Amino acid sequence: MAIEVRVPTVLRKHTGGERKVTGSGATLRELVDDLETRNAGLRGALVGDDGSLHRFINVYVNDEDVRYLGGINTPLDDGDSVSILPAVAGG
Amino acid sequence: MLAGDISQAVGDTPLVGLPSLSPPGYALYLKLEGHNPTGSVKDRVAKYLIESAERDGRLTPGSRVLEPTSGNTGIALAAICAPKGYKLTCVMPRNTSEERRALLALYGADIVFSPASEGSNGAVRVATELAADDPDVYMPFQYGNPANPQAHYETTGPEILRDLPTVNALVAGLGTGGTLTGAGRRLKEHDPAIKVFAAEPEYGDLVYGLRNLDEGFVPPVFDERVLDGRIKIDSRKALGATRDLVAAEGVFAGVSTGAALAVALRVCTPRRLPEGSNVVVVSPDGGWKYLSTGAYAAGDLEEIAARLQDTLWA
Ligand SMILES: Cc1ncc(COP(=O)(O)O)c(C=O)c1O
């Protein structure tokens, strides 16, 4: 199962400079665990020890913020696209 | 409509149907905040910010107001401050449209630029530092001032309920979160079944920059619990929808209106909203302030969107 993940500049130190990486998993949690095996440090940048997402990071599955889907347990399908973005305001 | 002065002409904006763009089984309505005196939804907020500060005795003639803004709030504050004799400094990221700078200059406001690579978060940082160094300025701070969502709770929300009592969903852009928090809360108090969706701008890498994730910023006024979904829209999709609005409905609106429209079209599906739903989309401003960005120019949409992706449009 291949899921494409967009990585923001600030986290590319964990991906060897790549802006896109691919991974697999039936849930966001499984995907993050899978990514961590090849991109050390990425998991810690996204989730805390209790497994919940950090406050200043937003993760989207097919453009939808996972906080309004299933959080770290959001189910994933082959071909889904995942984006990680730092929280920015407007106004 | 007769108004004693410009501040009394804020609000009561039109809610117009979008018959051509509404998907079968759904009715979309667009609340045209560009009809406010300085052309954006932020006139409502500026009026509430300044009037609440006056009530609290934080502003006196000759005071200086200092505010971080991506533009619209600054322009709205400028129009309210000028006739009252308040001086104004706006801290604005460098990657904002030329028109925003020109309008602020016209109103006599001072502009301090924050780095493009820090987006609006950088404007917040710089303004906070400046205010800490200068006890004589008043910073309304739209990101943390309850008067921001209150403006929408007391005006935007009630106007929607008055004009369309059968509203089933609200879609608005996410900047400070003031519109969604205030109007969304008002609508849900009226009918808890009403759904609220946020359209979040997705920019190019420059805007997200190299900032440390611990220095991220979620505006304190933004109540995330009011939302039923939050969907990001890139400049390509926002621009496409903004142009569809011109072609199909004759409405000339800003880029973030396109983003909100794109989200509205996405949530018009029986899985999320029953057929027959009335969906209100908030249009924060008209397209005028974006002409210089080339957003509406002829040419290849992909190329135009690629150029626009590092300019802040919310
Ligand atoms: C063009 C535009 N769209 C959307 C928004 C977001 O509004 P809010 O700050 O209420 O979230 C703003 C805020 O300034 C804006 O200027």
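The shown structure was predicted, so the numbers you read here are calculated from the model rather than taken from an experiment.

The rules behind these values
- Residues numbered from 1 in each chain as written.
- Chains lettered and ligands numbered in written order.
- Predicted model: local features only at pLDDT ≥ 70, side-chain atom pairs only at ≥ 80, totals over all residues.
- Heavy atoms only, no water.
- Axes fitted to C-alpha atoms, helices over the stretch in contact; angles between N-to-C directions.
- Helix = DSSP H or I, 4+ residues; strand = E, 2+ residues; numbered from the N terminus.
- Parallel < 35°, antiparallel > 145°, perpendicular 65-115°, else oblique.
- Left-handed = near helix turned anticlockwise from the far one by under 90°.
- Contact = heavy atoms within 4.5 Å.
- Nonpolar A, V, L, I, M, F, W, Y, C, P; charged D, E, K, R; others polar.
- Expected span 1.5 Å × (residues − 1).
- Buried < 20%, exposed > 50% of the residue type's maximum accessible area, 1.4 Å probe, protein only.
- Phe/Tyr/Trp six-rings, centres within 6.5 Å; stacked < 30°, edge-to-face > 60°.
- Pairing = 2+ DSSP bridges.
- Domains from an automatic or database assignment.
- Buried area = accessible area lost by both parts, 1.4 Å probe.
- Salt bridge = Lys/Arg side-chain N within 4 Å of Asp/Glu carboxyl O.
- Polar contact = N/O pair within 3.5 Å; in protein donor to acceptor, adjacent residues only side chain to side chain.

Chemist: Is there a simple way to think about the packing of helix 1 (residues 42-55) of chain B against helix 5 (residues 147-163) of chain B in this case?
Modeler: A pair of packed helices is captured by two measures, namely the crossing angle of their axes and the spacing between those axes. Residues and elements named next belong to chain B. One can describe the packing of helix 1 onto helix 5 by two numbers: an axis separation of 8 Å at closest approach and a directional angle of 130°. The angle between helix 1 and helix 5 places the two elements in the oblique class. The two elements helix 1 and helix 5 cross, and the hand of that crossing is right-handed. Only A147, N148, Q150, A151, H152, E154, T155, T156 and E159 of helix 5 make contact with helix 1, whose side of the interface consists of R44, V45, Y48, L49 and S52. Here the contact of helix 1 with helix 5 is composed, by residue class, of 5 nonpolar, 6 polar and 3 charged.

Chemist: I'm lost on helix 2 (residues 72-84) of chain B in this one. Help?
Modeler: In an α-helix there are 3.6 residues to a turn, and that puts residues three or four apart on one side. All names here are of chain B. With 13 residues, helix 2 should cover 18 Å at 1.5 Å per step; its first-to-last C-alpha distance of 19 Å lies within 8% of that length. The buried fraction of helix 2 amounts to 10 of the 13 residues, a majority that puts the element mostly inside the structure. Residues of helix 2 that are buried include every one of N72, T73, G74, I75, A76, L77, A78, A79, I80 and C81, and no others. Those residues of helix 2 that are buried lie in contact with helix 1, strand 3 (64-68), strand 4 (87-93) and helix 3 (98-106). Downstream of helix 2 by a residue or two, G85 has a phi angle that is positive, lying close to 80°.

Chemist: Help me out: how do you make sense of the packing of aromatic side chains in this one?
Modeler: The geometry of an aromatic ring pair is captured by the separation of the ring centres together with the interplanar angle, meaning the angle of the planes. Residue and element names in this part refer to chain B. Counted according to the given criterion, the structure contains 5 aromatic pairs over all chains. Pairing Y143 with F217 gives two aromatic rings, centres 5.6 Å apart and planes at 70°, and the pair type is edge-to-face. With Y143 in the loop between strand 6 (137-138) and helix 5 and F217 in the loop between helix 7 (205-208) and strand 9 (229-234), this pair connects stretches of sequence that are 74 residues apart. There is no split in this pair, since Y143 and F217 are both buried. Centre to centre, the rings of F252 and Y296 are 5.1 Å apart; their planes meet at 70°, and the pair counts as edge-to-face.

Chemist: Looking at this structure, how should I read the pairing of strand 10 (residues 278-283) of chain B?
Modeler: Within a regular strand, the side chains alternate between the two sheet faces. Residues and elements named next belong to chain B. Within strand 10, 6 of the 6 residues are buried, leaving the element largely enclosed by the surrounding structure. Along strand 10, one buried face is formed by N278, V280 and V282 and the opposite face, lined by V279, V281 and S283, is buried too. Note: strand 2 (residues 27-32) against strand 10, 6 bridges, orientation parallel. Bridged to K31 within strand 10 is V282. Pairing analysis gives 3 bridges linking strand 7 (residues 169-173) to strand 10, with the strands arranged parallel. Within strand 10, the position partnered with V171 by the bridge is V281.

Chemist: How do you make sense of the domain arrangement of chain B when you look at a structure like this?
Modeler: When the parts of a complex come together, some accessible area is lost, and that lost area is often used as the size of the interface. All names here are of chain B. Entries for chain B in the domain assignment read domain 1 (6-39 + 155-308) and domain 2 (42-138). Using only C-alpha atoms to locate each centre, domain 1 and domain 2 end up separated by 24 Å. On the domain 2 side, the residues contacting the 30 residues of domain 1 number 22 residues. Taking both partners together, domain 1 and domain 2 bury about 1900 Å²; carbon and sulfur atoms supply 50% of that area. Across the contact surface, domain 1 and domain 2 share 2 salt bridges. For R44, the salt bridge goes to E159, with nearest N and O atoms at 2.9 Å. Counting the contacts that link domain 1 with domain 2 gives 13 residue pairs in polar contact (both at pLDDT 80 or more). Among the secondary structure elements, those contributing two or more residues to the side of domain 1 that touches domain 2 are helix 5 and helix 7.

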